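# Structure assessment
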Amino acid sequence: MVEIKKEIIIENAKQHISEGKYDVALDMLLPILNIEDLAVSFEYAKILYFLKKHNEAIELLKKLNNKYPNDNNVLDILSKSYKETGRIEEFVNLLEKSLNETNIEFCLELANEYYLEKNYETSAKFYNRYLNSKKDALPVASKLVQIYNFIGQRNKAIEISSEYLEHIEVKGNKFLSNLFLNELEIAQEKTILQSNPRIMLVALTNRCNLKCPMCATREESNCWDISEDFKEYIIKNLPNLELITWQGGEVFLYKGFENLFLEASKNKYLKQIIITNGLLLNEHWVKLLIKASYLDLTISIDSIEKNAYETIRLGAKFEVLLANLKYLKLVRQENKSNITLTMRITISDENVYSLEQMVDFAIEYRFDIIVLSPLDIEQHSFTKYNYFNKSKEELMKLKELKIKVLEKSRKNNIKIIDTLPDINPILDSFDIGNENIDETNANMADENNTCCQKDEIKIHEEVEPLKMPLCLRPWRQIATTVHGKIRPECLCLKNVDLAYQCEDFSSIWNSENMQEYRRKLINFDQAWCCKECINNIVSDEHKKFVCV
Ligand SMILES: C[S@@+](CC[C@H](N)C(=O)[O-])C[C@H]1O[C@@H](n2cnc3c(N)ncnc32)[C@H](O)[C@@H]1O
Ligand code: SF4
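What counts, and at which threshold
Residues numbered from 1 in each chain as written. Chains lettered and ligands numbered in written order. Predicted model: local features only at pLDDT ≥ 70, side-chain atom pairs only at ≥ 80, totals over all residues. Helix = DSSP H or I, 4+ residues; strand = E, 2+ residues; numbered from the N terminus. Buried ≥ 20, exposed ≤ 12 C-beta atoms within 10 Å, placed from the backbone. Contact = placed C-beta atoms within 7 Å. Near = placed C-beta within 6 Å. Nonpolar A, V, L, I, M, F, W, Y, C, P; charged D, E, K, R; others polar. Axes fitted to C-alpha atoms, helices over the stretch in contact; angles between N-to-C directions. Left-handed = near helix turned anticlockwise from the far one by under 90°. Pairing = 2+ DSSP bridges. Right-handed = clockwise from strand over helix to strand, strands pointing away. Parallel < 35°, antiparallel > 145°, perpendicular 65-115°, else oblique. Core = buried A, V, L, I, M, F, W, Y, C linked by C-beta atoms within 7 Å. Expected span 1.5 Å × (residues − 1). pLDDT = per-residue confidence, 0-100.

## Remarks on the overall build of the protein chain
Of regular secondary structure, the protein chain possesses 26 helices and nine strands. Burial statistics for the protein chain: of 548 residues in total, 36% are counted as buried. For the protein chain, the proportion of contacts with a sequence separation of at least 24, taken over those separated by at least 6, is 64%.

## What to know about unusual backbone geometry
Note the cis peptide between Gly248 and Gly249, where omega equals 20°. Positive phi is not limited to glycine here, since Asn413 has a value of about 55°. Mapped onto the elements of the fold, Asn413 is located in the loop between α19 (392-411) and β7 (415-418). Judged by C-beta crowding, with 9 C-beta atoms within 10 Å, Asn413 ranks as exposed.

## Considering the site of ligand 2
The immediate surroundings of ligand 2 are formed by Cys208, Leu210, Lys211, Cys212, Cys215, Thr217, Gly248, Gly249, Glu250 and Asn277. Its residues placed into classes, the shell around ligand 2 shows four nonpolar, four polar and two charged.

## Quick word on the site of ligand 1
In the vicinity of ligand 1 lie 17 residues, with Met214, Cys215, Ser300, Thr346 and Asp376 positioned nearest. A breakdown of the residues in the shell around ligand 1 according to their chemical character gives seven nonpolar, seven polar and three charged.

## Considerations on the packing of helix α4 (residues 54-67) against helix α5 (residues 72-84)
With their axes 9 Å apart at the nearest point, α4 and α5 run at an angle of 145° to one another. Relative to α5, α4 is oriented so that their crossing is left-handed. In this structure, α4 uses His54, Ala57, Ile58, Leu61, Lys62, Leu64 and Asn65 to contact α5, whose residues at the interface are Val74, Leu75, Ile77, Leu78, Ser81 and Glu84.

## A word on the pairing of strand β6 (residues 369-374)
Side chains of β6 alternate between two faces, with Ile370, Leu372 and Pro374 buried and Ile369, Val371 and Ser373 left unburied. Pairing geometry for strand β5 (residues 340-347) and β6, over six bridges, is parallel. Each bridged residue has a counterpart across the sheet, and for Arg344 the counterpart in β6 is Val371. Chirality of the crossover, the property in question, places the unit of β5, helix α18 (residues 355-364) and β6 among those that are right-handed. Pairing of β6 with β7, which is carried by four bridges, proceeds in the parallel orientation. The residue bridging Val371 from the neighbouring strand is Ile417, located in β7.

## A word on the sheet that holds β6
Two modes of strand pairing occur in sheets, parallel and antiparallel, and in both the strands are linked by backbone hydrogen bonds. With mixed pairing, nine strands are arranged side by side in an open sheet as β7-β6-β5-β4-β3-β2-β1-β8-β9. Two strands close off the open sheet at either side, each with one partner strand: β7 and β9 (486-487). Across two bridges, strand β8 (residues 477-480) lies against β9 in antiparallel orientation. Of the residues in β9, the one forming a bridge with Thr480 is Ile486.

## A few points about the packing of helix α10 (residues 154-165) against helix α12 (residues 174-187)
Relative orientation of the contacting elements α10 and α12 amounts to 150°, with a least axis distance of 9 Å. Our classification of the angle between α10 and α12 gives roughly antiparallel. The interaxial crossing formed by α10 with α12 has left-handed handedness. Contact with α10, carried on its side by Arg154, Ala157, Ile158, Ser161, Ser162, Tyr164 and Leu165, involves Ser177, Phe180, Leu181, Glu183, Leu184 and Ala187 of α12 and no other residues of that element. Residues that form the contact of α10 with α12 fall into these classes: eight nonpolar, three polar and two charged.

## Section: the nonpolar core
Within the largest apolar cluster, 118 residues are counted, with the highest numbers of intra-cluster contacts made by Ala45, Leu61, Tyr127 and Leu144. If sequence neighbours within four positions are ignored, Leu144 has contacts with Ala124, Tyr127, Asn128, Leu131 and Ile160.

## Topic: helix α3 (residues 38-50)
If you check α3, its first and last C-alpha atoms are 18 Å apart, about what 13 residues at 1.5 Å a residue would give, namely 18 Å. Within the sequence span of α3, burial applies to Val40, Ser41, Glu43, Tyr44, Ala45, Lys46, Ile47, Leu48 and Tyr49. Remark: Lys52 follows α3 within two positions and exhibits a positive phi of approximately 60°.

## As for the confidence of the model for the protein chain
The share of residues in the protein chain with pLDDT of 70 or more is 89%, and the mean pLDDT across the chain is 86. Mean pLDDT per element in the protein chain: helix α22 (residues 452-462) is the minimum at 33, and strand β4 (residues 295-300) is the maximum at 98. A low-confidence stretch, residues 434-466 stays under pLDDT 50, and its non-local contacts, those more than four residues away or across chains, total 32 contacts.

Right under this line is the structure:
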């Protein structure tokens, strides 16, 4: 009789949970709450979790986990509670000690966590264990093979890619077979590739509606668009691609862009990124873009103060940007669009101190990501973003500001992609003594006014023998620069072009220069690499993964 009554209470409570009436369900269960009773206690803990009363939920779930260590439902909610409250060590310990064949999904969670922490060796172990149970998990296999190549475990990369090239689903899939073949060829150190590019970064035109003083497109006296041949080459290669970034100039001034965008959208594995100043986003484009299934729309906004914005974005009207952002917000909401909206801030001394307000702006217009990218000028009067012209107090202020910005963004679910140089080594160097610093600063400022010099000294002292090439982009990517030249990576500052606009594009992937680039990297010859990459100002992840 008592059992039947208890069952009814649990059923009623579950009904209330499904209707979101958590407090009512909690009140119903409290009188019969008893740790000896797993069903009641678990429902109670689950409600605490839904109510985000994480500490109470964790205390109860820990007791349940001790008493019923094999209960996967308890494990699931306890691990989620740890993760959501940032108790990552406890999350990892719990899952590691509880793994068995009945809860192999936890293995994937652990692997993902280690991957996020950049502990790639351990993440590979868990991905591998997962894959041994779930042979057909192709996304896991494709991630694992990349990790093996990243950490230099070539034999394992060869083993996995060879095995999966024979997998029935891979054989019938152009994208996946190219992916595994590409990873195999990287592991085998091939310089002539049978696989095709997997990433493209395309400047479609140098035409632009603005004349931003820092931008390289200003130097061009002639306007150009990509050639029809190159357009054909892109279209042909779309099924192999995992990532394509469209930029200019201004992409919306290129008349063939709509066709290219729609063609690219047909490929389900392909993520598109559009980098734009956002001023030409009219109703037609907004309605088209928000329907895309896998798109990151990146809008460059360097200031949210009208005068400063219009000085940096020469020719722009701040009101037009605001009107476009408002419209975009409305249409995204109405259509429940799942595109990602990114705000790209090119950081200079002029805007860095208003970063916190820029995060507020990002919150207001529902940006998902903020990219912090340093202003990098070689040839204009603008100052390159660097730390050597700043006092210790200013650097401390910048460091604190960065912490606040990260915290505010995290609380508002905005991801920050921070590609600014690391401030800590510079701050540390102040502890060596002021005289040394002044001298060091003066020397560094002389040498190209860039923070690379310092890192160069440090990194070259610490560097271990390289197992893998510095960068894998020349095996995976074709990029066009804002000057219309073709390189393995647009960040490459060295003039190693693969071809110019009008050449035969079918041969660029294995052109003499591309082969030589790969050969040099295999032999750890970095003569063709830029300082930013050698000194890890460009991250290893950017250099060696396809999508980070
Ligand atoms: C060349 S623009 C092309 C796309 C588009 N017109 C735009 O402004 O977003 C791509 C990105 O490069 C950034 N950029 C331009 N000049 C730069 C420089 N000298 N250093 C660093 N980033 C720069 C822009 O702010 C923009 O975010
Ligand atoms: S940064 Fe973008 S908007 Fe500004 S001139 Fe360059 S291409 Fe045009």
